[in-house]
Amino acid sequence: MPILNRIAEFHPEMTAWRQDFHTHPETAFEEVRTSGIIAEKLRQFGCDEVVTGIARTGVVGVIRGQGGNEGGGGRAIGLRADIDALPIEEATGLPYASQTRGKMHACGHDGHATMLLGAARYLAETRNFSGTVYVIFQPAEEAGGGGNVMVQEGLFDRFPMQRVFGMHNWPGAPEGSFYWRYGPVMAATANIKATITGKGAHGAMPHQGNDPIVIAAQIVSALQSVVARNIEPVEGGVLTIGHIQGGDTWNVIPQTVTLRGTARWFKPEVGDMLEAKFTSLVTGIAAAFGAEAEAVFDRGYPATVNEAESTDLAVKAALAVAGEARVVEMPKPTMGGEDFSFMLNAKPGNYIMLGAGRSPADPQVHHPKYDFNDAILPIGASYWATLAEQLLPRD
Ligand SMILES: [Zn+2]
Ligand SMILES: [Zn+2]
């Protein structure tokens, strides 16, 4: 069973929805137009309930199969798409490019929302399943952790389900292929910041000050040992300084220097170690030089970890849609972050990658020239629909 025929029939309509979302991008928790259109379409499709306002701009559509909840024995699954754009100035020059300055659908969430809408339309029309499908349209994946806010606002209490599934397009991987993985698939993240406060002085009279630039240099060097000398070599971890700021001119030693960066990891104990070592090196080195430093380790999204049985079920649906040659086990996770992790921490589930084709040299996600590939819309929608029909069979 490849792409579902009925879904292929409305591919042109899905393309129009996707390009309309693309023209009107909205960022974290401001997806008012986007979620308004989603809710309107879900009602048009005949969803049994359409709930808005969860995590501000989130929407959940409820689709009951034949026999409803009772007929389905209380069985239910959640399918989740993110809907937000990024604060990027688009440079594609496409006819349907962003009309909002400084905002762009540069991660393909316009496509994610559309694929789930396509599946919702098919499922509401055919009802070839028993039990309940919840289609979850989540705001603020790129910033603000909308996935966490939905869980905090009772997503899984209000919509009881056994499993939840997510999907992301992957440009550079063959078009219509699926990439799956047991266990960790995306990393946990933290924004890190160190503020070193010494004593400023004339650049020609350094003995009268306490140079925070020299101290910052020592700290940056020492931080390189955290991953290299503390994490077991087969485990994953990153500690990157991406920003260093201090001073204004040639001949003045400044008072303060600021370092900012990112930390990534998979295992909670590795995250705890990164935090402890980052904090002790920053404060300890500054103190050894007679200065002061403040270290901030601001945790963001937890690691995205796939549950084994849900992953087997996701792979089975992907195989039905794409065939054996195009369903591939990922050899390793990526160090990117993803707030679907909050849902996976609360419910068993799986997060799968859908190959978006084009060349690996073409613009990747978060690039001002990236664009979602509309050719994969019916493939993603068919995956969602197949997953629902396989997991919630009528007999
Ligand atoms: Zn992104
Ligand atoms: Zn994304």
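Residues numbered from 1 in each chain as written. Chains lettered and ligands numbered in written order. Predicted model: local features only at pLDDT ≥ 70, side-chain atom pairs only at ≥ 80, totals over all residues. Heavy atoms only, no water.

Colleague: I tried to follow the environment of A113 on my own but got confused; where do I start?
Modeller: Within the fold, A113 resides in helix α5 (residues 109-126). For the pair A113 and R80, spaced 33 residues apart in sequence, the C-alpha separation works out to 8.8 Å. The contact partners of A113, leaving out residues within four places of it in the chain, are F21, I38, A81, D82, I83 and F137. (Helix = DSSP H or I, 4+ residues; strand = E, 2+ residues; numbered from the N terminus. Contact = heavy atoms within 4.5 Å.)

Colleague: Quick question: what am I supposed to make of the coordination of the zinc ion (ligand 1) here?
Modeller: Expected angles at a metal are 109.5 degrees for tetrahedral coordination by four donors and either 90 or 180 degrees for octahedral coordination by six donors. Within the protein, the atoms that donate to the zinc ion (ligand 1) are C107 (SG), E142 (OE), E142 (OE) and H366 (NE2), at distances of 2.0 to 2.7 Å. Along the chain, the residues donating to the zinc ion (ligand 1) fall in the pattern C-x34-E-x223-H. In this structure, the zinc ion (ligand 1) lies 3.1 Å from the zinc ion (ligand 2), and both are coordinated by C107. Of this pair, E142 sits in the loop between β4 (132-138) and α6 (146-152) while H366 sits in the loop between β16 (349-355) and α12 (377-391); the two residues are 224 residues apart in sequence, bridging distant segments of the chain. A relative accessible area of 40% places H366 in the partly exposed class. (Donors = N, O, S within 2.8 Å, 3.2 Å for Na, K, Ca; no water. Buried < 20%, exposed > 50% of the residue type's maximum accessible area, 1.4 Å probe, protein only.)

Colleague: I'm lost on the environment of R80 in this one. Help?
Modeller: As for its placement among the helices and strands, R80 is situated in strand β3 (residues 76-82). For the pair R80 and A97, spaced 17 residues apart in the sequence, the C-alpha separation amounts to 25 Å. A polar side-chain atom of R80 sits 2.9 Å from a polar atom in the side chain of Q138. A distance of 2.8 Å separates a polar atom in the side chain of R80 from a polar atom in the side chain of E338. (Polar contact = N/O pair within 3.5 Å; in protein donor to acceptor, adjacent residues only side chain to side chain.)

Colleague: For this particular structure, what's the right way to read the coordination of the zinc ion (ligand 2)?
Modeller: Donor atoms from the polypeptide that coordinate the zinc ion (ligand 2) comprise C107 (SG), H109 (NE2) and H168 (NE2), at 2.1 to 2.3 Å from the metal. In the primary structure, the donors to the zinc ion (ligand 2) are separated according to the pattern C-x1-H-x58-H. Here H168 falls in the buried class, since its relative accessible area comes to 8%.

Colleague: What should I look at first to understand the sheet that holds strand β12 (residues 256-265) in this one?
Modeller: Strand pairing in a sheet is mediated by backbone hydrogen bonds. Such pairs are either parallel or antiparallel. As summarised here, the arrangement of the four strands in space is β10-β12-β8-β13, forming an open sheet in which the pairing is antiparallel. Because the sheet does not close on itself, it has two edges, and the strands there are β10 (237-245) and β13 (292-299). Along the sheet, successive strands turn relative to each other by an average axial angle of 20°, direction set aside. Two strands pair when backbone bridges link them, and β10 and β12 are joined in this way by eight bridges, in the antiparallel orientation. Bridge assignment links I244 to a residue of β12, and that residue is L259. (Pairing = 2+ DSSP bridges. Axes fitted to C-alpha atoms, helices over the stretch in contact; angles between N-to-C directions.)

Colleague: Explanation requested: the domain arrangement of the protein chain in the structure shown.
Modeller: The extent of an interface is frequently quoted as the accessible surface area lost upon association of the parts. Segmentation of the protein chain into domains returns domain 1 (5-186 + 304-391) and domain 2 (188-299). The centre of domain 1, based on its C-alpha atoms, is set 38 Å off from the matching centre of domain 2. The interface is formed by seven residues belonging to domain 1 together with seven residues belonging to domain 2. For the domain 1 and domain 2 pair, buried surface summed over both sides reaches about 480 Å², with 76% attributable to carbon and sulfur atoms. The three residues of domain 1 that bury the most area against domain 2 are M186, M335 and G337, which together make up 77% of that side's buried surface. (Domains from an automatic or database assignment. Buried area = accessible area lost by both parts, 1.4 Å probe.)

Colleague: Looking at this structure, how should I read the sheet that holds β16?
Modeller: A sheet is described by the order of its strands in space; here eight strands give the open sequence β1-β2-β4-β3-β5-β16-β6-β15, paired in mixed fashion. Looking at which strands have only one partner, the edges of the open sheet turn out to be β1 (49-54) and β15 (327-329). On average, each strand axis in the sheet is tilted by 25° relative to the strand beside it, whichever way the strands run. As paired elements, β3 and β4 share seven bridges and run parallel to each other. Residue pairing for β4: D82 is matched across the bridge by Q138. In the packing of helix α10 (residues 308-322) onto the sheet, contacts are made with β5 (163-170), β6 (178-180), β15 and β16, and the angle to β16 comes to roughly 30°.

Colleague: Honestly, the packing of helix α2 (residues 11-23) against helix α3 (residues 32-45) in this entry has me stumped. Any pointers?
Modeller: Contact pair α2 / α3: the axes reach a minimum separation of 10 Å and the direction vectors enclose 160°. Classified by the angle their axes make, α2 and α3 are roughly antiparallel. For α2 against α3, the interelement crossing comes out right-handed. For the pair α2 and α3, contact is made by W17, D20 and F21 and by R33, T34, I37, I38, K41 and F45, respectively. For the contact of α2 with α3, the class distribution of residues is five nonpolar, one polar and three charged. (Parallel < 35°, antiparallel > 145°, perpendicular 65-115°, else oblique. Left-handed = near helix turned anticlockwise from the far one by under 90°. Nonpolar A, V, L, I, M, F, W, Y, C, P; charged D, E, K, R; others polar.)

Colleague: Looking at this model, I keep getting lost on the UniProt feature "domain: Peptidase M20 dimerisation" (unreviewed entry) in the protein chain. Mind explaining?
Modeller: UniProt annotation of "domain: Peptidase M20 dimerisation" (unreviewed entry) refers to residues 191-282 when read in the numbering used here. For residues 191-282, the helix share is 37%, the strand share is 33%, and the end-to-end C-alpha distance is 15 Å. (UniProt positions renumbered as here; feature names shortened; annotations may be inferred.)

Colleague: I'm lost on the environment of N230 in this one. Help?
Modeller: With respect to the element layout, N230 can be found in helix α8 (residues 212-230). Sequence-wise, N230 and L274 are 44 residues apart; in three dimensions their C-alpha atoms are separated by 8.7 Å. A distance of 3.2 Å separates a polar atom in the side chain of N230 from the backbone oxygen of S225. At 3.0 Å, the side chain of N230 forms a polar contact with the backbone oxygen of V226.

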